[in-house]
Amino acid sequence: MYKASIIVAFYNNLDVLSVVLKALESQSEKHFEVIIADDGSREDVVANLKAEIADSPLDIQHVWHEDAGFRKNRCLNLCIKASRSEYLIFIDGDCVPQTHFVEDHLSEAKLNRVVNGRRADLSPRCSELLVASSSPERFVVDNFGKMVVDGLRGQGKNVEKGYRLSNEWLRQKLQNKKKGLVGCNLSLHKADLLRINGFDMRYEAAGTGEDSDIDFRLQLLGVEIHNCFYKANQVHIYHKELPRLPVNDVLFAKVKEEKIAYTQFGLDTLPE
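Residues numbered from 1 in each chain as written. Predicted model: local features only at pLDDT ≥ 70, side-chain atom pairs only at ≥ 80, totals over all residues. Heavy atoms only, no water.

1. A short note on the overall build of the chain
1) Next: Broken down by element type, the chain carries 10 helices and 10 strands.
2) Next: For 272 residues, the compact-globule estimate of 2.2 N^0.38 gives 19 Å, and the chain sits close to it at 18 Å.
3) Next: Its C-alpha atoms give the chain principal-axis dimensions of roughly 45 × 45 × 40 Å.
4) Next: Counting all 272 residues of the chain, 53% fall into the buried class.
5) Next: Within the chain, residue pairs in contact and separated by at least 24 positions form 85% of the contacts whose partners lie at least 6 positions apart.
6) Next: By element, 52% of the accessible surface of the chain is carried by carbon and sulfur atoms, the whole surface being about 12700 Å².
7) Next: Computed over 36 positive and 40 negative side-chain charges, the inter-centroid distance for the chain is 6 Å. (Helix = DSSP H or I, 4+ residues; strand = E, 2+ residues; numbered from the N terminus. Rg over C-alpha atoms; globule rule 2.2 N^0.38 Å. Buried < 20%, exposed > 50% of the residue type's maximum accessible area, 1.4 Å probe, protein only. Contact = heavy atoms within 4.5 Å. Areas by Shrake-Rupley, 256 points an atom, 1.4 Å probe, with all protein chains shown as cover. Lys, Arg positive; Asp, Glu negative; His and termini not counted. Charge placed at Lys NZ, Arg CZ, Asp CG, Glu CD.)

Here it is, written out as C-alpha cells:
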C-alpha cells in the first residue's frame, strides 16, 4: 500500500498539469500514487493525457466524469473511492509541488488532524519561467529572488509561503495564527474524511465547497486544523481567477446553521 494518494483537481489545461506531474516525479518521498480528478476535460485533452500517463514513471489513475458544469467536489469524492492509500493529499492542477511537498505532508500527518498548507502565487513572468523549467520542483530554490522582486512590484503574492524553513522554532513563530483550509494544499487520513462523508456535492461553483465547508464540518467532530506553512511548499501558476458565486455562500450559511458534520450529499450517494 502507498503512503499517500495525491489527488489532483484538473480541467482541460494539460500544459500546466504536465508541469505538476513532472514535479511529482522528483519528490524526495517516492511512495505515493497520483489520482487525477478530471472534471470533464475534452476528448482530445483526455487522449493526450492518457498518452502522458502511459509514459510517466508515476502510478497514475485518471478519474473522469462528464462535463456538466463545475462539479469538482463530486470528482474529488470519486477519487477518494478510487484511492489505494489511507492518507490523502489534495492539490490543484495549477499548483506545482516543490521537492519536499509529499515528505512534509506525511511528516505532519496524524489521525484526527488535517494538515493545512499554503501556496505562493506567481507573477505572469515567473509562471512562464516555471512552465519552461526542466526542474519545476526546484523552482523556488532557483528563482526565489525573482519571486520576491515581482512580489514587491505587486505581481504575485504570498511569495514567502513558497520558501521552506528548516528552522522549526522560527517556522512555528511565523504560523501561530489560526487559518482556514485551502483546497489546493491540504491532507488528512481517509478515515477522518469518511467521518463527514467526504465533500458535499451540492457546491457547484468555485470557492467555499472544497475547503471552508470541510474545515467547518471536520471541526464539528474535533478534528485539528494543523498549519503547515513554510513547509509542504507549492507555487501557483498565474491565471485569471474564476468568479466566486453567491450561491455557495448561501449553502455554506445553511451548513453552519445546521451544524451537522456528516453531509447527506457526499460519498455514500455515489454508485459503487
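2. Describing the pattern of salt bridges
1) Next: Counting across every chain of the model gives 19 salt bridges.
2) Next: The residue Arg84 makes a salt bridge to Glu33 at a minimum N-O spacing of 2.8 Å. Note that Arg84 is positioned in the loop between helix H3 (72-82) and strand S4 (87-92) and Glu33 in strand S2 (residues 32-38), a separation of 51 residues in sequence.
3) Next: Residue class for Arg84 comes out partly exposed when judged on its relative accessible area of 38%.
4) Next: Taking the relative accessible area as the measure of exposure, Glu33 reaches 0% and is therefore buried.
5) Next: In this structure, Arg202 and Asp200 form a salt bridge, with 2.7 Å as the shortest nitrogen-oxygen distance. (Salt bridge = Lys/Arg side-chain N within 4 Å of Asp/Glu carboxyl O.)

3. A few points about the nonpolar core
1) Next: By size, the foremost hydrophobic cluster in this structure holds 39 residues, and its most contacted members are Ile6, Leu17, Val34 and Met147.
2) Next: Counting only elements with at least two residues in this core, the list comes to strand S1 (4-10), helix H1 (14-25), S2, helix H2 (43-55), S4, helix H4 (101-108), helix H5 (124-132) and helix H6 (139-152).
3) Next: If we ignore the near neighbours within four places in the chain, the residues touching Val34 are Ile6, Val8, Leu21, Leu24, Leu58, Asp59, Ile60 and Gln61. (Core = buried A, V, L, I, M, F, W, Y, C linked by side-chain atoms within 4.5 Å.)

4. A short note on the sheet that holds strand S5 (residues 95-97)
1) Next: One open sheet holds the 3 strands; their spatial order is S5-S10-S7, and the pairing between them is mixed. Where the open sheet ends on each side, the last strands, each with one partner, are S5 and strand S7 (120-121).
2) Next: By the bridge criterion, 3 bridges tie S5 to strand S10 (residues 234-236) in an arrangement that is antiparallel. Paired with Val96 across the two strands is Val235, which belongs to S10. (Pairing = 2+ DSSP bridges.)

5. Describing the packing of aromatic side chains
1) Next: On inspection of all chains with the given rule, the structure shows 3 aromatic pairs.
2) Next: Taking the centre distance of 6.2 Å and the plane angle of 90° together, the rings of Phe216 and Phe252 count as edge-to-face. Of the two residues, Phe216 is situated in helix H9 (residues 212-220) and Phe252 in helix H10 (residues 246-258); the sequence distance between them amounts to 36 residues. Of the two residues, Phe216 and Phe252, both sit in the buried class. (Phe/Tyr/Trp six-rings, centres within 6.5 Å; stacked < 30°, edge-to-face > 60°.)

6. So, the packing of H1 against H2
To describe two helices that pack against each other, one gives the angle between their axes and the distance between the axes.
1) Next: Where H1 meets H2, the axes come as close as 11 Å, and the angle between the chain directions of the two elements is 20°. When the axis of H1 is compared with that of H2, the two are roughly parallel. At the point where H1 passes H2, the crossing takes the right-handed sense. Contacts between H1 and H2 pair Leu14, Leu17, Ser18 and Leu21 from the former with Val45, Asn48, Leu49 and Glu52 from the latter. (Axes fitted to C-alpha atoms, helices over the stretch in contact; angles between N-to-C directions. Parallel < 35°, antiparallel > 145°, perpendicular 65-115°, else oblique. Left-handed = near helix turned anticlockwise from the far one by under 90°.)

7. Quick notes on the sheet that holds strand S3 (residues 60-64)
1) Next: If you walk across this open sheet you meet the 7 strands as S3-S2-S1-S4-S8-S6-S9, and the pairing is mixed. In this open sheet, the two edge strands, each paired with only one partner strand, are S3 and strand S9 (224-227). Going across the sheet, the axis of each strand differs from the next one's by a mean of 20°, ignoring polarity.
2) Next: Against the sheet, H3 touches S1, S2, S3 and S4, its axis set at about 150° to S2.
3) Next: H4 rests against S1, S2, S4, strand S6 (113-116), strand S8 (185-189) and S9 of the sheet, and its axis sits at about 135° to S4.

8. Thoughts on the environment of Val115
1) Next: Among the secondary structure elements, Val115 is positioned in strand S6.
2) Next: Looking at Val115, the relative accessible area reads 0%, which means it is buried.
3) Next: Through-space distance from the C-alpha of Val115 to that of Ile60 is 23 Å; in sequence the pair is 55 residues apart.
4) Next: If we ignore the near neighbours within four places in the chain, the residues touching Val115 are Tyr87, His105, Glu108, Ala109, Asn185, Leu186, Ser187, His226 and Cys228.

9. Concerning a nonpolar patch on the surface
1) Next: Together, Trp169, Leu170 and Leu174 make up a nonpolar patch on the protein surface, roughly 330 Å² of accessible area in all.
2) Next: Here Trp169 shows up in helix H7 (residues 168-174).
3) Next: Of the residues examined, Trp169 reaches a relative accessible area of 60% and is grouped as exposed. (Patch = residues over 30% accessible without salt bridge, like charges linked within 9 Å, V, L, I, M, F, W, Y side chains within 5 Å.)

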